Amino acid sequence: MTDDSIPVAPLSIWKPIHLGTDELGHRVEVTLAERNMLIGGEPGGGKSVALQLIVAHGALSADCRLILVDGKRVELGLWRDCADRFIGPSVDEAIDTMRWLQEQIDERTGWLLDHKMRKITPHLGWPVYLMPVDEVAYFSATVGTSAQQKEFNACNRDIVARGRAPGIIPVEATQRPSADIIPTSLRDLFGYRWAFRCSTEASSDTILGHGWANMGYSATEIDPQARGVGWLRAEDGIPRRVKAAYLTDEQIIDLAGWAAQARATHHAPAHPSTEDNVVRLRREGAA
């Protein structure tokens, strides 16, 4: 296949993302558009596997732009050529990116307000920004000065709180699921949660939400050898035991290469250039 014959990526960020299978062998999917997700668990539990699945779907979606934040570089680095921005172990770059996303939120919500719309839709033609953050604790509590960490946390909380309507999707992972890393004011803003094995019930509840461990949904009970197994709390609000699908490095390299070439031939505009979509949407709503 030549470069000229590579098709536009066939997926859409508005379509369900395949995450794995449940205990009955049923396919598990979630739709992340207009949502966000918090992923946590001890090292080796499956967080990075989960992130890879979500990033892969985003990379193969022509209507999605990737903003990858990875302090370790190597977890999300294979997708670097697919990303609009790739942030490594620099808290300054992470903060600058957060500020830029806040500007996108301000610009988009201002446009929506002017056109009497409450949120973006697929028909509007805007790309959705997917922002996976691998090990949020690296930027929020490990590197940089206390002032930088405070600024990162404030920007991050704002994006998680305001990003839904204008099409910004934060998906954040941590191997330190504790209240000082993921404070309640941030945790409660995440609509979807995925808890892989945790060492304490408090850590499990930090991801899933307070009280779920007492109701029998505790990530401490996951076998340490059952890598990739976790409690997913998504659409119906009840945790569901899920075995994450798995992409090998070779598969990721192949998918990322294909997606990067496809993206080089097509990109949705950041904002509509005409009023045609708005007029059409209003007509459809009146029909």
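Reading guide: rules and limits
Residues numbered from 1 in each chain as written. Predicted model: local features only at pLDDT ≥ 70, side-chain atom pairs only at ≥ 80, totals over all residues. Heavy atoms only, no water. Helix = DSSP H or I, 4+ residues; strand = E, 2+ residues; numbered from the N terminus. Buried < 20%, exposed > 50% of the residue type's maximum accessible area, 1.4 Å probe, protein only. Contact = heavy atoms within 4.5 Å. Areas by Shrake-Rupley, 256 points an atom, 1.4 Å probe, with all protein chains shown as cover. Pairing = 2+ DSSP bridges. Axes fitted to C-alpha atoms, helices over the stretch in contact; angles between N-to-C directions. Expected span 1.5 Å × (residues − 1). Phe/Tyr/Trp six-rings, centres within 6.5 Å; stacked < 30°, edge-to-face > 60°. Lys NZ or Arg CZ within 6 Å of the ring centre and 35° of its normal. Core = buried A, V, L, I, M, F, W, Y, C linked by side-chain atoms within 4.5 Å. Salt bridge = Lys/Arg side-chain N within 4 Å of Asp/Glu carboxyl O.

Caption draft 1: Structural view of the overall build of the chain. Regarding its fold elements, the chain presents 8 helices and 10 strands. Out of the 287 residues in the chain, the part that is buried amounts to 52%. Taking contacts inside the chain between residues at least 6 apart in sequence as the whole, the part at least 24 apart equals 69%. In the form shown here, the chain has an accessible surface area of approximately 13200 Å², with 50% of it arising from carbon and sulfur atoms.

Caption draft 2: Seen up close, the sheet that holds strand E10 (residues 240-244). Strand order in the open sheet made by the 10 strands is E2-E1-E10-E9-E8-E3-E7-E6-E4-E5, with mixed pairing throughout. If you trace the sheet from one side to the other, it starts and ends with strand E2 (27-30) and strand E5 (83-87), each paired once. Each neighbouring strand pair of the sheet contributes to a mean axis angle of 25 degrees, computed without reference to strand direction.

Caption draft 3: Representation of helix H2 (residues 91-114) within the structure. Taking 1.5 Å per residue, 24 residues should reach 34 Å; H2 reaches 35 Å between its end C-alpha atoms and fits that length. Phi turns positive, to about 55 degrees, at Lys116, one or two residues after H2.

Caption draft 4: Spotlight on the packing of aromatic side chains. Per the counting criterion, the structure on display carries 7 aromatic pairs. For the ring pair Phe139 and Phe152, a centre distance of 5.5 Å and an interplane angle of 25 degrees mean the geometry is stacked. Remark: Phe152 occurs in helix H4 (residues 146-162) and Phe139 occurs in helix H3 (residues 136-142); sequence separation between them is 13 residues. Each member of the pair, Phe139 as well as Phe152, carries the same accessibility label: buried. Members of the aromatic cluster, joined through ring pairs, are Tyr138, Phe139 and Phe152. Its guanidinium or amino end placed over the ring of Trp100, Arg85 lies 4.2 Å from that ring's centre, counting from NZ or CZ.

Caption draft 5: The arrangement of the nonpolar core in detail. One finds Met37, Ile39 and Trp194 to be the most contacted residues of the largest nonpolar core, which totals 48 residues. The element that contributes the greatest number of residues to this core is helix H1 (residues 47-59), accounting for 7 residues. If we ignore the near neighbours within four places in the chain, the residues touching Trp194 are Leu19, Met37, Leu38, Ile39, Gly40, Ala50, Ile207, Gly230, Trp231, Leu232, Val242 and Ala244. Within the second largest apolar cluster, 36 residues are counted, among which are Ile87, Cys155, Ile159 and Trp212.

Caption draft 6: A look at the pattern of salt bridges. Scanning the model with the defined rule gives 14 salt bridges in all. The residue Glu29 makes a salt bridge to Arg27 at a minimum N-O spacing of 2.6 Å. Owing to a relative accessible area of 53%, Arg27 belongs among the exposed residues under this scheme. The closest approach of N and O atoms between Asp84 and Arg65, which form a salt bridge, is 3.9 Å. Taken as a pair, Asp84 in strand E5 and Arg65 in strand E4 (residues 64-70) lie far apart in primary sequence, 19 residues in all.

Caption draft 7: Molecular detail of the environment of Leu24. For Leu24, the position within the fold is in the loop between strand E1 (17-22) and E2. Given a relative accessible area of 69%, Leu24 falls into the exposed group. For Leu24 and Val242, which are 218 residues apart along the polypeptide, the C-alpha to C-alpha distance reads 9.6 Å.

Caption draft 8: Geometry of the pairing of E2. Burial along E2 is one-sided: Val28 and Val30 are buried, while Arg27 and Glu29, pointing the other way, are not. Judged from the 4 bridges that link them, E1 and E2 form a sheet pairing that is antiparallel. What sits directly across from Ile17, in E2, is Val30. Taken together, E1 and the strand that follows it, E2, pair antiparallel across an intervening segment of 4 residues, in which Gly25 is found at a positive phi of about 85 degrees.

Caption draft 9: Inspection of the environment of Ala213 at higher detail. Residue placement: Ala213 occurs in the loop between helix H6 (201-208) and strand E9 (229-233). Separated by 11 residues in sequence, Ala213 and Ala202 place their C-alpha atoms 8.1 Å apart.

Caption draft 10: Geometry of unusual backbone geometry. Of note in this structure, Lys116 is not a glycine but carries a positive phi near 55 degrees. Although it is not a glycine, Glu135 sits at a positive phi angle of roughly 60 degrees. Position of Glu135 relative to the elements: it lies in the loop between strand E6 (128-134) and H3.

Caption draft 11: Region of interest: H6. The element H6 is extensively covered by neighbouring structure, given that 6 of its 8 residues are classed as buried. Among all positions in H6, only Ser203, Ser204, Asp205, Thr206, Ile207 and Leu208 are buried. Buried-residue contacts for H6 involve strand E3 (37-40), helix H5 (184-187), strand E8 (192-196) and E9. The first or second residue beyond H6 is Gly209, which carries a positive phi of 120 degrees.

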